[in-house]
Amino acid sequence: MIYSTFQDKKISKLGFGAMRLPKSGEKDEDINQEAVQEMVDYAMEHGVNYYDTAWGYHNGQSEIALGKALKKHPRDKFYLASKFPGYDLSNMPKVKEIFEKQLEKCQVEYFDFYLIHNVCELNIEEYLNPEHGIYPYLMEQKKNGRIKHLGFSAHGDLDVIYRFLDAYGEGMEFGQLQVNYIDWTFQNAKAKVKLLASRNIPVIVMEPVRGGMLAKLAPEHEKQLKQLRPDEDTVAWAFRFLQTLPEVFLTLSGMSNLEQVQANIATYEKNLPLTQNEKMTIESIVRDMLSKEILPCTACRYCTNYCPKELAIPDLLALYNEHKFTNGGFLAGMRLQTYDEDKRPDSCIACRKCEAVCPQNIKISEAMADFAQMMAKS
């Protein structure tokens, strides 16, 4: 196992994410505890010392399952992380109640790492609302030793992260971002990493293989990678890309079975960052993947001057591309909730005035109709 230094701690570069644990039944909360135990024991034996869970994972059962699995190991041999669930706005006034319950569920007296969870457009106003007292309470717990290191995770756009850090950046010791070689450009992860680096905030990576999307590529793309590294599995390229980024001290992987644990640990036995030529190959593959799936909107905003409904068409098309490319997911729906109802894609009246001035000849009205239909089904 290779390690990073975080302040005075030696942290495994690979972290164990507990969002996609093995299940024994159909429901998300039906966690196979025996399988989790085997996975955690193997990870501990092979040097993984960072374990990440959250209040809402597996319908509230992840913290319990991970706590049980870690209980047999000495407390000073692992670092445990959990998160305050502000993705649900009803939780905002409950920070003390939830924090106490999380310690109980995980069977620990303190969290090594604790995060303000999923900072985004939907919740930024409430996270910044002083009436909830979230930040002061968590800083108090840090002072009392019940939180060793405080940070945040974010799925929001760059401007949302700016607002959050302007308010609470002084207390943030680390930030957790969705970073992978697709989202480096597609979700502007490069700029987000740069922002955190400018404030001396080290980065933890989530979704390194984009929910499994980067574990298997099109045959022509896998062939390109095999020519460069014949002995490297496709999924390992996603991790090697992250090993190239000096800002990243830890990469979380939400592993679902022992085989994934074993494969990822084998990858992290060596630090093998990408060469310049390999990075160029990855960039070429990304361009090819995106060109086949997304609309070529350049956000020139000519269209917005002609929309009688005053829709933010480029922003909606960006969300449409995200939803389409990801084959669903939560991000587009989450952000659309922040739009007024008359500014969402189903408000398009298909007048096509925008299409008449679009330099990319995008059939915007068709995209809005398709987007509205997808959202109605989700």
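The rules we used
Sequence order sets the numbering: in each chain, residues are counted from 1 along the sequence as written. Under the rules for a predicted model, residues below a pLDDT of 70 receive no local features and side-chain atom pairs below 80 are neither given nor counted, while totals for whole chains, interfaces and linings still include all residues. Heavy atoms throughout the structure, all of them, feed into the side-chain values; hydrogens and water do not. Under the DSSP-based scheme used, a helix requires at least four consecutive residues in state H or I and a strand at least two consecutive residues in state E, with every element numbered from the N terminus. Atoms considered for the radius of gyration are the C-alpha atoms alone. The globule rule reads 2.2 Å times the number of residues to the power 0.38. Classification of residues uses two cut-offs on accessible area relative to the type maximum, computed with a 1.4 Å probe and protein chains only: under 20% is buried, over 50% is exposed, and between them is partly exposed. The Shrake-Rupley method, run with a 1.4 Å probe, gives the accessible areas here. Residue values count only the displayed protein chains as cover. Working convention for charge: Lys and Arg count positive, Asp and Glu count negative, and His plus the chain ends are omitted. Where a charge lies is defined by one atom per residue type: Lys uses NZ, Arg uses CZ, Asp uses CG and Glu uses CD. Following DSSP output, two strands are said to pair if at least two bridges run between them. Angles run from 0 to 180 degrees between N-to-C directions of axes, and those axes are lines fitted to C-alpha atoms, restricted for helices to the stretch in contact. Patches in this entry comprise residues that are over 30% relatively accessible and not in a salt bridge; like charges within 9 Å are linked, as are nonpolar side chains (Val, Leu, Ile, Met, Phe, Trp, Tyr) within 5 Å. One speaks of a salt bridge when a side-chain nitrogen belonging to Lys or Arg is within 4 Å of a carboxyl oxygen belonging to Asp or Glu. What we call a nonpolar core is a set of buried Ala, Val, Leu, Ile, Met, Phe, Trp, Tyr and Cys residues that are connected through their side-chain atoms within 4.5 Å. Stacked, edge-to-face and tilted are the three classes for Phe, Tyr and Trp ring pairs, Trp counted by its six-membered ring, which pair at centre distances within 6.5 Å; planes under 30 degrees apart are stacked, over 60 edge-to-face, the rest tilted. Note on geometry: a ring has a charge over it if NZ (lysine) or CZ (arginine) is within 6 Å of the ring centre and within 35 degrees of the ring normal.

So, on to the overall build of the chain. Summing up its helical and strand segments, the chain has 16 helices and 10 strands in all. Whereas a compact globule of 378 residues would reach a radius of gyration of roughly 21 Å, the chain reaches 22 Å, a difference of no more than 12%. For the C-alpha atoms alone, the extent of the chain along its principal axes is close to 65 × 55 × 45 Å. A burial count over the chain gives 52% of its 378 residues as buried. Of the roughly 17500 Å² of accessible surface on the chain, a fraction of 48% belongs to carbon and sulfur atoms. Each charge class in the chain can be summarised by its mean position, and for the 45 positive and 52 negative side chains these summaries are 2 Å apart.

Attention now moves to the pairing of strand E2 (residues 9-12). The sheet contact formed by strand E1 (residues 3-6) and E2 spans four bridges and is antiparallel. For Ser4, the partnering residue across the bridge sits in E2 and is Ile11. Here E1 hands over to E2 after two residues, with Gln7 in that stretch at a positive phi of 50°.

Now for the sheet that holds strand E4 (residues 50-52). Spatial strand order, E3-E4-E5-E6-E7-E8-E9-E10: eight strands in a closed barrel with parallel pairing. Between one strand and the next, the sheet's axes are offset by a mean angle of 30°, whatever the strand orientation.

Among the surface-exposed residues, Asp340, Glu341, Asp342 and Asp346 lie close enough to one another that they form a single negatively charged patch. As for its position among the elements, Asp342 is in the loop between helix H14 (331-336) and helix H15 (353-357).

Generally speaking, soluble globular proteins have nonpolar side chains that are buried together. The biggest cluster of nonpolar side chains holds 83 residues, and the ones touching the most others in it are Phe16, Tyr51, Phe152 and Met172. Leu311, Leu317, Leu319 and Met375 belong to the second-largest nonpolar core, a separate cluster that totals 19 residues.

Bringing the packing of aromatic side chains into the picture now. Each aromatic ring pair is described using two quantities: the centre-to-centre distance and the angle formed by the ring planes. The tally for this structure, following the rule as stated, stands at 20 aromatic pairs. Considering the side-chain rings of Phe99 and Tyr114, the 5.2 Å spacing of their centres and the 80° angle between planes classify their relative orientation as edge-to-face. Of this pair, Phe99 sits in helix H3 (residues 95-106) while Tyr114 is found in strand E6 (residues 111-119), placing the two residues 15 residues apart along the sequence. Look at Phe99 and Tyr137: their rings are 6.1 Å apart centre to centre, the planes differ by 80°, and that puts the pair in the edge-to-face class. Of the two residues, Phe99 is situated in helix H3 and Tyr137 in helix H5 (residues 134-143); the sequence distance between them amounts to 38 residues. Judged by its relative accessible area of 0%, Phe99 falls in the buried class. Residue Tyr137 is classed as buried on the basis of its relative accessible area of 11%. Grouping aromatic residues by their ring pairs yields a cluster made of Phe6, Tyr50, Tyr79, Phe113, Phe174 and Phe249. One Lys or Arg, Arg229, reaches over the ring of Trp237 and ends 5.4 Å from the middle of that ring.

These values are about where atoms sit, not about what they do.
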